[in-house]
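Now for the letters of each chain:
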Amino acid sequence: MSQNTAIPTVKLLIDGKLVESRTSQWRDVVNPATQEVLARVPFATEDEMNAAVASAREAFKTWRKTPIGARARIFLKYQQLIRENMKELAALLTAEQGKTLPDAEGDIFRGLEVVEHAANIGTLQMGELANNVANGVDTYTLNQPLGVCAGITPFNFPAMIPLWMFPMAIATGNTFVLKPSEQDPMVTMRLAELAIEAGIPAGVLNVIHGGVDAVNLLCDHPDIKAVSFVGSTKVGTHVYNRATANGKRAQCMMGAKNHAIILPDAHKQQTLNNLAGAAFGAAGQRCMALSVVILVGEAQTWLPDLVEKARSLKIGAGVEPGTDVGPVVSCAALDRVSSLIAAGEREGAQLVLDGRNPQVTGYASGNFVGPTIFAGVTPEMSIYRDEIFGPVLCVVNAASLDEAIAFINANPNGNGTALFTRSGAAARHFQEEIDVGQVGINVPIPVPVPLFSFTGSRASKLGDLGPYGKQVVQFYTQTKTVTSRWFDEDEVGGAVNTTITLK
Ligand code: NAD
C-alpha cells in the first residue's frame, strides 16, 4: 500500500513529538457505516519503533524519581482534559469503530475512571513496614517501577483499553510504548495527545502503529520489561509465550464466550431488556458481550419474547440518534459473522431470528448485521465453540440451575457470566460454584470498576494479574524488601557473625 497524500495520516508519538512515519506500508482507517476512508495509519519502521523504545528508556531515568504527587497531578489534569473533549473523542470513536455515540462515550468514560484512579495511585503503591523484626532491625518494602512497559490493544474498545494500560503504568513510575489496533487508532492517538497536553514528559508515553512486526518487536525488545495485551486468544497466547520466553512479565486478556442463566423467578421484563442490551449492544463486539443464554425450566417459554425484544432494536449508523445496533468494524468482520450464521444453520441450530442483510436507509454500504438468535444450540456447533464477535445469541435449555452451571463450567473460557433470579439462595449457590472470573447477579456485563481489577479467568486470560485496579500496581512494580539496622554511636563492637539473629 502506498501513501495517498489527500487523506490525513495518523502520526507516531516518539519522544514527546508527533512524527510522520517514513514507512512505505500504510493501511486505511475506514468508517464501518459508510466505507469512507478517514485516515491512513502507518506500519512503523523498525528504526521508528526502536526510537520509541529508546526514548522511553531514557525518560525512565528521571520519571522513576519524579515525586508521586507530581505524577498524580498530571493525571488530575488529564481527566479534566478527557472530560472537556468527551464529545469530540466520542465522535471520532464512532466514526472509526462504528459503535453508537452513547456507547462511544461509555467506552471513554470507563477509561476515564482508570485515569481518575491513576491520580490516586500513592496509597496503592505504598510499601509495608515491620518494626523490630530483630533487635534494632526493621524490614520494609519498596514497590519500584520496572522500566519500559508496552501495551497492545484491540479494536473493540479503542479508548477504554489503552486507558486501562498506560495511565497505571506511568503513574507507578514506568515509561510506556503503546501499540493501538491498526483498525481504529485515531481516538487512541487523540487520547495520547491529550496526555501530552496534560503534562506527561517527552518519552514517558510513546505510540507506535503497526501489526504483527510491531507486536513481535515489543515482545522481543530487551529494554521492555512488561507487556500488557488485550485481544483475541490466538494472538494473546502468542504474545504471552513470546514475551515470557524473553524473560518479560506478561498479562493477556483474551477471547470469551459469556453465558447468562435465566431462572423462571427472574423479573421478566428487566431480564429481557438486559439480555438484549448485553447480546446485541455494540453489535456484540464486547469481550463481555453475552453470547449464550441458558433458559432454565419454565423460563424456556420466554424465547418468543426475547426474539420480539431483539427484533425491536434499531439497526443503524452509530451517529444516528436512537440507534441500538451499529455496524461491525469491517467488511471482513461482517463476512466472518455471516459465515458463522450460515454454519449454525448447516449444523442444525434453529435460526429463530436472522439479522443478515438488514436494510439501513442512507447507509447501503455499511457493515450491518442485525440481532440474530439461534435456539437448540449444542456444544459441538461452531456457533457455540467460536467467539462470533457479532450480534448473535445462542440459546440453550437446561432443566436446573446445577445443569446450567455445569454447562458453563465445561466451556474453556472464563471471562464473564450472569444469573438472573429473585432468589438470594440461588445467587449465592451460583457465585460459589461458577468457574468464571467476573460474575453478575442480575447484572449482564459485570465489568468491575477500577477500585477492583478486571478478573477474567481460565482460557480468557494468561498471567496472574489483571490489567487495572490494585492488581496492576503489582504487575507494574517490583517489590524490593529492605532490612535495616542503624547503630547507635556509642554501641560497642559487633560480632564477627553478621547474620541477624531473630530472637
Ligand atoms: P486481535 O487479537 O486481532 O488484535 C489485538 C492486537 O493484536 C491488535 O493490536 C493487532 O494489531 C495485534 N495482532 C493482530 N493479529 C496479530 C498477529 N497475527 N500477530 C501479532 N499481533 C497481532 O483482536 P481484535 O480483533 O482487535 O479484538 C477482538 C478480540 O479481543 C476478541 O477476541 C475479544 O474477546 C478480545 N478482547 C478481550 C478483552 C478482555 O478483556 N478479555 C477485552 C477486549 C477484547
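One structure accompanies this document, and this report is about it.

The rules behind each value
- Residues numbered from 1 in each chain as written.
- Predicted model: local features only at pLDDT ≥ 70, side-chain atom pairs only at ≥ 80, totals over all residues.
- Heavy atoms only, no water.
- Helix = DSSP H or I, 4+ residues; strand = E, 2+ residues; numbered from the N terminus.
- Rg over C-alpha atoms; globule rule 2.2 N^0.38 Å.
- Buried < 20%, exposed > 50% of the residue type's maximum accessible area, 1.4 Å probe, protein only.
- Contact = heavy atoms within 4.5 Å.
- Areas by Shrake-Rupley, 256 points an atom, 1.4 Å probe, with all protein chains shown as cover.
- Lys, Arg positive; Asp, Glu negative; His and termini not counted.
- Charge placed at Lys NZ, Arg CZ, Asp CG, Glu CD.
- Core = buried A, V, L, I, M, F, W, Y, C linked by side-chain atoms within 4.5 Å.
- Pairing = 2+ DSSP bridges.
- Axes fitted to C-alpha atoms, helices over the stretch in contact; angles between N-to-C directions.
- Polar contact = N/O pair within 3.5 Å; in protein donor to acceptor, adjacent residues only side chain to side chain.
- Salt bridge = Lys/Arg side-chain N within 4 Å of Asp/Glu carboxyl O.
- Near = heavy atom within 4 Å.
- Nonpolar A, V, L, I, M, F, W, Y, C, P; charged D, E, K, R; others polar.
- Right-handed = clockwise from strand over helix to strand, strands pointing away.
- Phe/Tyr/Trp six-rings, centres within 6.5 Å; stacked < 30°, edge-to-face > 60°.
- Lys NZ or Arg CZ within 6 Å of the ring centre and 35° of its normal.

### Details of the overall build of the protein
Alright, step 1. The number of helices and strands found in the protein is 16 helices and 22 strands.
Alright, step 2. Rg of the C-alpha trace for the protein: 25 Å, near the compact-globule value of 23 Å for 503 residues, within the 12% margin.
Alright, step 3. Projected onto its principal axes, the C-alpha coordinates of the protein cover approximately 85 × 65 × 40 Å.
Alright, step 4. Taking all 503 residues of the protein together, 55% fall into the buried category.
Alright, step 5. Across the protein, every contact between residues at least 6 apart in sequence was considered, and the portion connecting residues at least 24 apart equals 72%.
Alright, step 6. In the structure as shown, the protein presents an accessible area of about 21000 Å², 52% of it carried by carbon and sulfur atoms.
Alright, step 7. Within the protein, the 48 negative side-chain charges are centred at a point lying 3 Å from the centre of the 41 positive side-chain charges.

### Here we look at the nonpolar core
Alright, step 1. With 65 residues, the main nonpolar core has Tyr78 and Phe176 as its most contacted residues.
Alright, step 2. No other element matches helix H6 (residues 160–171), which puts 10 residues into this core.
Alright, step 3. Aside from chain neighbours lying at most four places away, what touches Tyr78 is Val115, Leu163, Phe166, Leu191, Ala192, Leu194, Ala195 and Ala198.
Alright, step 4. Formed by 64 residues, the second largest nonpolar core is a distinct cluster that contains Leu334, Leu340, Ile341 and Val392.

### Side note on helix H8 (residues 212–220)
Alright, step 1. Regarding H8, the residues found buried are Ala214, Val215, Asn216, Leu217, Leu218 and Cys219.
Alright, step 2. Where H8 is buried, its residues contact helix H1 (46–63), strand E7 (148–152), strand E8 (175–179), strand E10 (224–230) and helix H9 (233–245).

### Quick look at the sheet that holds strand E19 (residues 438–441)
Alright, step 1. Pairing is mixed in the open sheet, where 7 strands are placed in the order E14-E15-E16-E13-E12-E18-E19. At either margin of the open sheet sits one strand with a lone partner, and together these are strand E14 (350–353) and E19. Ignoring strand direction, the axes of neighbouring strands in this sheet form an average angle of 25°.
Alright, step 2. Pairing geometry for strand E18 (residues 416–420) and E19, over 4 bridges, is parallel. Opposite Thr417, over in E19, you have Val439 as the bridge partner.

### Things to note about the environment of Asn206
Alright, step 1. Here Asn206 lies in strand E9 (residues 205–207).
Alright, step 2. Dropping the residues within four chain positions of it, Asn206 is found in contact with Leu13, Ile14, Asp15, Ala52, Ser55, Ala56, Phe176, Val177 and Leu178.
Alright, step 3. A polar contact is formed between the side chain of Asn206 and the backbone oxygen of Gly203, at a distance of 2.8 Å.

### A word on the pattern of salt bridges
Alright, step 1. Counted according to the given criterion, the structure contains 19 salt bridges.
Alright, step 2. Here Lys11 ties to Glu20 by a salt bridge, and the two come within 3.7 Å at their closest N and O atoms.
Alright, step 3. For Lys11, a relative accessible area of 27% corresponds to the partly exposed category.
Alright, step 4. We note a salt bridge from Glu88 to Arg190, for which the minimum N-O separation is 2.7 Å. Here Glu88, found in helix H3 (residues 86–97), pairs with Arg190, found in helix H7 (residues 186–197); they are 102 residues apart in sequence, far enough to count as distant.

### Considerations on the side chain of Lys99
Alright, step 1. Within the secondary structure, Lys99 sits in the loop between H3 and helix H4 (101–118).
Alright, step 2. A distance of 2.9 Å separates a polar atom in the side chain of Lys99 from the backbone oxygen of Asn156.

### Concerning the site of the ligand
Alright, step 1. Neighbouring the ligand are 27 residues; Thr153, Glu182, Ser232, Met254 and Glu387 lie closest to it.
Alright, step 2. Within the side chain of Glu182, one N or O atom sits 2.6 Å away from an oxygen atom of the ligand.
Alright, step 3. Alone, the ligand offers 830 Å² of accessible surface; in the complex the protein occludes 86% of this.
Alright, step 4. Those elements that place two or more of their residues in the shell around the ligand are H6, H8 and E10.
Alright, step 5. When its residues are assigned to classes, the shell around the ligand shows 16 nonpolar, 8 polar and 3 charged.

### Side note on the pairing of E8
Alright, step 1. Most of E8 is tucked away, with 5 of its 5 residues classed as buried.
Alright, step 2. Neither face of E8 is open: one carries Thr175, Val177 and Lys179, the other Phe176 and Leu178, and all of them are buried.
Alright, step 3. Here 5 bridges tie E7 to E8, and the two strands are oriented parallel to one another. In the sheet register, Val148 faces E8, and the bridge partner there is Thr175.
Alright, step 4. What joins E7 to E8 is H6, and the crossover it makes is right-handed.
Alright, step 5. The pairing of E8 with E9 spans 3 bridges and is parallel. Within E9, the residue paired with Val177 across the bridge is Asn206.
Alright, step 6. Traced from E8 through H7 to E9, the parallel crossover comes out right-handed.

### Description of the sheet that holds strand E6 (residues 137–145)
Alright, step 1. An order of E5-E6-E22 is seen for the 3 strands of this open sheet, with the pairing classed as antiparallel. A single partner strand is all that each edge strand has here, and the edge strands are strand E5 (129–134) and strand E22 (477–485). Each neighbouring strand pair of the sheet contributes to a mean axis angle of 30°, computed without reference to strand direction.
Alright, step 2. Note: E5 against E6, 3 bridges, orientation antiparallel. Opposite Leu129, over in E6, you have Tyr140 as the bridge partner.

### Overview of the packing of aromatic side chains
Alright, step 1. Here the structure, examined in full by the defined rule, presents 9 aromatic pairs.
Alright, step 2. When the ring of Trp164 is compared with that of Tyr468, the centres are 5.1 Å apart and the planes differ by 55°; the resulting orientation is tilted. Of the two residues, Trp164 sits in helix H6 while Tyr468 sits in the loop between strand E21 (461–462) and helix H16 (469–475), which places them 304 residues apart along the sequence.
Alright, step 3. The class of Trp164 is buried, set by a relative accessible area of 2%.
Alright, step 4. The interplanar angle of 75° and the centroid separation of 6.5 Å between the aromatic rings of Phe176 and Tyr476 together place this pair among those described as edge-to-face. In this pair, Phe176 sits in strand E8 while Tyr476 sits in the loop between H16 and E22, placing the two residues 300 residues apart along the sequence. Each member of the pair, Phe176 as well as Tyr476, is classed as buried.
Alright, step 5. Here a set of aromatic residues connected by ring pairs shows up, and it is made of Phe75, Tyr78 and Phe166.
Alright, step 6. Over the aromatic face of Phe157 sits the side chain of Lys99, whose NZ or CZ is 3.9 Å from the ring centroid.

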